[in-house]
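# Observations on the three-dimensional arrangement
What follows is the residue order along each chain.
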Amino acid sequence: MKILEQVARDVRNLLAGAEGGHDWWHTYRVWQNALELAKTEEVDVLTIELASLLHDVADAKFHQGDESKGPQLAGKIMDQYPIDDATKSAVLEIIRNISFKNSFDREQRPNPELNIVQDADQLEALGAIGIARAFSYGGYINQPIFDPELPAKRFTSKKEYKNARSTSINHFYEKLLTLKDRMNTARGRELAETRSQYMVSFLEQFYTEIGHVPGWHHSR
Ligand code: ADP
Ligand code: NI
């Protein structure tokens, strides 16, 4: 079996029973998105594929906030296969830096492979799939769908973002609709734009149905 197939099989086994928005099929879609984005850039495709496959094997939010678990486990998985050290450290670098909360203090060193995997993951938070994942995760943490008395916030630091109480609808404003301006690749930005527009239509329909157009939702 090829290395990538073996790693994919390991990840699929590990993610059995994961929250719906962070399961094997999320990883699989990130992998496919990344391959699509990689077509238009000069990059190391093996690094991109491994990083996509391993980016969510132990997400900190499912491990009491421990951010060392993911890179640790990804490293262990890679150690089972003949993967050279340079590729391994490039993959771990991506996994350490991919997440939105870490992008508040991301190093500014150019890293085209990280850029692609991050775009691939961010696309998963947008559009129809992004809507589905937001409510899946919101349900998982028992967060309200919507609360007219709880306004959306704008976060400026990782700590603030991690500690906030929110609603799934607020999450659209607090994170999801800001992603299109944080895309790294031209193709990623294009796809993000279309997916964001779809989410804005979803929100309009949502407010029409519940007969509530909160002023603060349009002040962004
Ligand atoms: P990162 O780890 O890069 O900060 P997340 O893993 O938090 O990104 O985001 C993954 C998915 O979980 C996204 O699709 C997002 O919509 C969803 N999610 C994260 N936090 C919330 C939240 N507070 N409410 C609803 N959905 C959320
Ligand atoms: Ni992910």
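For the structure, see preceding data.
Here we summarise the structure given alongside this text. (Residues numbered from 1 in each chain as written. Chains lettered and ligands numbered in written order. Predicted model: local features only at pLDDT ≥ 70, side-chain atom pairs only at ≥ 80, totals over all residues. Heavy atoms only, no water.)

### Structural notes on the environment of leucine 14
By the element assignment, leucine 14 lies in helix H1 (residues 3–14). Residue leucine 14 is classed as partly exposed on the basis of its relative accessible area, which comes to 39%. When neighbours within four sequence positions are excluded, leucine 14 is seen to be in contact with Val57, Leu73 and Ile77. (Helix = DSSP H or I, 4+ residues; strand = E, 2+ residues; numbered from the N terminus. Buried < 20%, exposed > 50% of the residue type's maximum accessible area, 1.4 Å probe, protein only. Contact = heavy atoms within 4.5 Å.)

### Comments concerning the coordination of the nickel ion (ligand 2)
Note on the nickel ion (ligand 2): its protein donors are His26 (NE2), His55 (NE2), Asp56 (OD) and Asp121 (OD). The metal-donor distances range over 2.1 to 2.3 Å. One can describe the site at the nickel ion (ligand 2) as irregular: its four donor atoms subtend angles covering 83 to 175° at the metal. Linear spacing of the donor residues for the nickel ion (ligand 2) on their chain is H-x28-H-D-x64-D. Placement of the pair is histidine 26 in helix H2 (residues 24–38) and histidine 55 in the loop between helix H3 (45–54) and helix H4 (69–79), with a sequence separation of 29 residues. Just as histidine 26 is buried, histidine 55 falls in that class too. (Donors = N, O, S within 2.8 Å, 3.2 Å for Na, K, Ca; no water. Tetrahedral: all angles 85-135°; square planar, octahedral: opposite > 155°, others 65-115°.)

### Section: the side chain of lysine 88
Take lysine 88: it is sitting in helix H5 (residues 85–97). Discounting chain neighbours no more than four positions away, the residues touching lysine 88 are Met78, Asp79 and Ile83.

Note that every value here comes from positions in space, so none of it alone points to a role or purpose.
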